[in-house]
Amino acid sequence: CPSHSTGKDVATGCSCDAGYSGSITASSKSPFYTGSCDAVACPKNAKGVDVPSGCTCKDGFIGSVTASTAAPFYTTSCTAVECPAHSTGADVVQGCTCQAGFTGVIAPAAQGYSGKCTAAECPD
């Protein structure tokens, strides 16, 4: 079987490896098969070269991406992180604002967020 595919041989069938899409079909002309198995791009909420090389969730998301042999050739659990304590907003990716009486900045970061909202000091 050609690169990025698995099987006994082309005549009995080759399947694309996890993280690759395409098909291999036996042919009577050299190289005696047609088709290919191409690496699948990382999903929307993930970053990286492609699924076989490894994808990680984008900043502000948490979860993982795993290569699969079934379409779309990966499984993903990358979900946006909720705004932390003392802040409001839809999620870290869309933006969090510190609640009244608190100060700080929340920013998307690898595997979640950076920053925090702390109680504002009383004025002198």
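Look a little higher up for the structure.
Residues numbered from 1 in each chain as written. Predicted model: local features only at pLDDT ≥ 70, side-chain atom pairs only at ≥ 80, totals over all residues. Heavy atoms only, no water.

(A) Focus on the overall build of the protein chain. If you tally the helices and strands in the protein chain, you get 0 helices and 16 strands. In summary, the protein chain has a C-alpha radius of gyration of 23 Å against a globular reference of 14 Å for 124 residues, an excess of more than 25%. Taking all 124 residues of the protein chain together, 29% fall into the buried category. Of all intrachain contacts in the protein chain linking residues separated by at least 6 positions in sequence, the fraction that spans at least 24 positions is 21%. Entry remark: accessible area of the protein chain is about 7500 Å², with carbon and sulfur atoms responsible for 53%. (Helix = DSSP H or I, 4+ residues; strand = E, 2+ residues; numbered from the N terminus. Rg over C-alpha atoms; globule rule 2.2 N^0.38 Å. Buried < 20%, exposed > 50% of the residue type's maximum accessible area, 1.4 Å probe, protein only. Contact = heavy atoms within 4.5 Å. Areas by Shrake-Rupley, 256 points an atom, 1.4 Å probe, with all protein chains shown as cover.)

(B) Focus on the pattern of salt bridges. Per the stated rule, a full pass over the model turns up 1 salt bridge. Aspartate 59 serves as the salt-bridge partner of lysine 47, at 3.2 Å between the closest nitrogen and oxygen. Of the two residues, lysine 47 is situated in strand β5 (residues 46-47) and aspartate 59 in the loop between β6 (56-57) and β7 (61-62); the sequence distance between them amounts to 12 residues. The class of lysine 47 is partly exposed, set by a relative accessible area of 36%. Assessed through its relative accessible area of 36%, aspartate 59 is described here as partly exposed. (Salt bridge = Lys/Arg side-chain N within 4 Å of Asp/Glu carboxyl O.)

(C) Region of the structure containing the pairing of strand β3 (residues 20-26). With 7 bridges connecting them, β3 and strand β4 (residues 33-39) associate as antiparallel partners. Considered in β4, the bridge of threonine 25 is made with threonine 34. Linking β3 back to β4 in an antiparallel pair, the connection comprises 6 residues, with phenylalanine 32 at a positive phi of about 75°. (Pairing = 2+ DSSP bridges.)

(D) Main features of the side chain of aspartate 91. Among the secondary structure elements, aspartate 91 is positioned in the loop between β11 (87-88) and β12 (97-98). At 11 Å, lysine 44 is the nearest oppositely charged side chain to aspartate 91, a buried residue that forms no salt bridge. Here the side chain of aspartate 91 touches glutamine 94 through a polar contact of 2.8 Å, landing on its backbone nitrogen. In this view, aspartate 91 contacts Ala80, Val81, Glu82, Cys83 and Cys96; residues no more than four positions away in its chain are not counted. (Lys, Arg positive; Asp, Glu negative; His and termini not counted. Polar contact = N/O pair within 3.5 Å; in protein donor to acceptor, adjacent residues only side chain to side chain.)

(E) Region of the structure containing the side chain of serine 87. Mapped onto the fold, serine 87 is located in strand β11. At 2.6 Å, the side chain of serine 87 forms a polar contact with the backbone oxygen of proline 84. Sequence-distant contacts of serine 87, defined by excluding residues within four places in its chain, comprise Cys96, Thr97, Cys98, Gln99 and Cys117.

(F) Expanded view of the state of the cysteines. Inspection of every chain in the model, using the stated rule, returns 6 disulfides. Disulfide partner of cysteine 1: cysteine 14, at an S-S distance of 2.0 Å. Residues cysteine 1 and cysteine 14 are joined by a disulfide whose S-S torsion is about -85°; by sign, that bridge is left-handed. You can see cysteine 1 sitting in the segment before β1 (5-6) and its partner cysteine 14 sitting in the loop between β1 and β2 (15-16), a full 13 residues away along the chain. (Disulfide = S-S within 2.5 Å.)

(G) Structural view of the nonpolar core. One finds Val40, Cys42, Ala46, Val51, Cys55, Cys57, Phe61, Val65, Phe73, Tyr74 and Cys78 forming the largest nonpolar core, which totals 11 residues. Leave out the neighbours within four places in its chain, and cysteine 78 touches Asn45, Ala46, Cys57, Phe61, Ile62, Gly63, Ser64 and Val65. (Core = buried A, V, L, I, M, F, W, Y, C linked by side-chain atoms within 4.5 Å.)

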